[in-house]
Amino acid sequence: MSSGIPLGVLDLVPISSGSTAPEALRNSIELARRAEEFGYARYWFAEHHLNPGVAGTSPAVVLALTAAATSTIRLGSGAVQLGHRTALSTVEEFGLIDALHPGRFDLGLGRSGGRPSPPLPSATPIVDGRAPNGLRIPPRFSFERLLGSPRIALQRKLLLLPDAKSQDYAEQIDDVLALLAGTYRSPEGVEAHVVPGEGADVEVWILGSSGGTSAEVAGRNGLRFAANYHVSPATVLEAADGYRAAFQPSDALDKPYVTVSADVVVAEDDETARELATGYGLWVRSIRTAEGAIQFPTPDEARAHVWTDEDRELVQDRVDTQFVGSPGRVADQLERLQEATGADELLITTITHDHTDRVRSYELLAQEWSRRGHSSQSS
């Protein structure tokens, strides 16, 4: 088992039932302050749209607000979705916030609106749904239904300008890197220089759920990579393997560097943690039926839902791979995840109905992680 594995935070800015978006934003900024106190290495905001229960629509805006409220913790996007954005607008936004808070930002980039990659072989054998060290690797979930949803089509329509087409992802990453470095040239040889943005001291990450395009782009460019156990646990090993296989050293990085995400709820004891996590399955169901993430329910609200077999099948892989329990139990599971994936860091996402419980979950985990001799500093 590796020691000195830093923990980071991934925040969707969730809205609890009975609460509001402004309250969710205030809670997230407070959680970032507390995460800094607890010793977390980085704090990332996700990007989601048209979700009744998620307020994190624009990572750069929330990062700017959070940077002013914190002082040392690294802040980043997990991830800016490039399918409806340009390389220029992305570099400009992060150039602006880096100008006032230099050297603190991670520019995490992700695909959006693309087809999922076909399954790829993993170097790690999976037997009866588990990796050799016992990590749960569930059957692959099909996102085809989501991609065919009218709501997803509407989201894409509203995010893109009329008749606009998303740029090829690999080309877009090349453009982002060139604009940051000041080496961009158009096919006609015209230079472009972003002010502020060129020379910004940002750490570029690629986020990916499989061993396909994202992993290959991250590896080929010698960038840091974030693999997604919490959204797509079935493909986390192939994602990490694909990235390492494609890796080529760069000025930014001489060897592969991976963080792996996990859904976590920690409380003083297992029973309390399970109660706090009661709403998770219903929340995941809302995402996977393409209705959009609902406001996170109370345990009683979640228990009132009448589950069908189809419902359960829809969320089983996520529920089975959420780490829930006492600090010791969850830390054991996280160490297993780190060992199976070879992760250099772990990225923790926690949602509970009550904000105080959420803060406490991160605090208890940080205390146990530190007790085991893990570092809070990233390399």
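Report follows, based on the coordinates. (Residues numbered from 1 in each chain as written. Predicted model: local features only at pLDDT ≥ 70, side-chain atom pairs only at ≥ 80, totals over all residues. Heavy atoms only, no water.)

So, the overall build of the chain
Put simply, the rule is: Strands are runs of DSSP state E lasting at least two residues, helices are runs of H or I lasting at least four, and both sets are numbered from the N terminus onward. Accessibility here uses a 1.4 Å probe with only protein chains present; expressed as a share of the type maximum, an area under 20% marks a residue as buried, one over 50% as exposed, and anything in between as partly exposed. Contacts are assigned to residue pairs with any non-hydrogen atoms lying within 4.5 Å of each other. Computed with a 1.4 Å probe, the accessible areas rest on the Shrake-Rupley method; for each residue, only the protein chains presented here act as cover. The sign given to each residue is positive for Lys and Arg and negative for Asp and Glu; His and the chain ends receive no count. Here the site of a charge means NZ on Lys, CZ on Arg, CG on Asp, or CD on Glu.
Looking only at helices and strands, one finds 14 helices and 10 strands in the chain. The principal-axis extents of the C-alpha atoms in the chain amount to approximately 65 × 50 × 45 Å. Burial statistics for the chain: of 379 residues in total, 54% are counted as buried. The contacts in the chain between residues at least 6 apart in sequence include a share of 76% that link residues at least 24 apart. For the chain, the accessible surface area stands at approximately 16,300 Å², while carbon and sulfur atoms represent 52% of it. Positive and negative side-chain charges of the chain, numbering 34 and 51 respectively, have mean locations separated by a distance of 2 Å.

Here we look at the pattern of salt bridges
Cut-off, in case you're wondering: Just to be clear on terms, a salt bridge is a Lys or Arg side-chain nitrogen sitting within 4 Å of an Asp or Glu carboxyl oxygen.
Under the definition given, this model contains 25 salt bridges. A salt bridge links aspartate 320 to arginine 136; its shortest N-O distance comes to 3.2 Å. Note that aspartate 320 is positioned in helix α12 (residues 309-320) and arginine 136 in the loop between β5 (105-110) and α4 (144-147), a separation of 184 residues in sequence. Note on aspartate 320: relative accessible area 29%, which makes it partly exposed. By relative accessible area, arginine 136 is classed as partly exposed at 29%. Residue aspartate 270 pairs with arginine 329 through a salt bridge whose shortest N-O separation is 2.9 Å. Placement of the pair is aspartate 270 in helix α9 (residues 270-276) and arginine 329 in helix α13 (residues 327-341), with a sequence separation of 59 residues. The class for aspartate 270 is buried, based on a relative accessible area of 19%. Connected via shared salt-bridge partners are Arg42, Arg74, Asp106, Glu203, Arg224 and Glu345.

Some words on unusual backbone geometry
Note the cis peptide between glycine 78 and alanine 79, where omega equals 15°. Among the secondary structure elements, alanine 79 is positioned in the loop between β3 (74-77) and β4 (80-81). In this structure, the amide linkage connecting valine 195 to the following residue, proline 196, adopts the cis form with an omega of -10°. Along the chain, the position of proline 196 falls in the loop between α6 (169-181) and β6 (203-208). Phi is positive for leucine 50, close to 55°, though the residue is something other than glycine. Its place among the elements puts leucine 50 in the loop between β2 (42-45) and α2 (59-67). Of note in the backbone geometry, alanine 290 takes a positive phi value of approximately 70° without being a glycine. Residue position: alanine 290 is located in the loop between α10 (280-288) and α11 (299-303). Taking the relative accessible area as the measure of exposure, alanine 290 reaches 7% and is therefore buried.

Let's talk about helix α7 (residues 213-220)
Given 3.6 residues to a turn, an α-helix orients residues that are three or four positions apart in the same direction. Looking only at α7, the buried set comprises Ser214, Ala215, Val217, Ala218 and Gly219. One or two positions beyond α7, positive phi appears at glycine 222, with a value near 65°.

Here we look at the nonpolar core
This is how it is decided: The definition of a nonpolar core used throughout is a set of buried Ala, Val, Leu, Ile, Met, Phe, Trp, Tyr and Cys residues joined through side-chain atoms within 4.5 Å.
Formed by 96 residues in total, the largest nonpolar core has its most connected members in Tyr40, Leu109, Leu334 and Leu346. In this structure, Ala267, Leu276, Ala277 and Val324 belong to the second largest nonpolar core, which totals 6 residues.

Focus: the packing of α6 against α7
How we decide: Each axis is a line fitted through C-alpha atoms, and for a helix only the stretch in contact is used; angles between axes span 0 to 180 degrees, taken between their N-to-C directions. Two helices cross in a left-handed way if the nearer one is turned anticlockwise from the farther one by less than a right angle. They cross in a right-handed way if the turn is clockwise.
Two elements in contact, α6 and α7, have axes whose closest approach is 10 Å; the angle formed by their N-to-C orientations is 35°. Crossing angle aside, the handedness with which α6 passes α7 is right-handed. For the pair formed by α6 and α7, the contact residues are Tyr169, Ala170, Ile173 and Asp174 on the first element and Thr213, Ser214, Val217 and Arg220 on the second.

So, a nonpolar patch on the surface
Rules: Nonpolar side chains (Val, Leu, Ile, Met, Phe, Trp, Tyr) are joined into patches within 5 Å and like charges within 9 Å, using only residues with over 30% relative accessible area and no salt bridge.
A cluster of nonpolar side chains, contributed by Leu50, Leu154 and Leu158, occupies part of the molecular surface with about 280 Å² of accessible area. Its relative accessible area of 43% is what places leucine 50 among the partly exposed residues.

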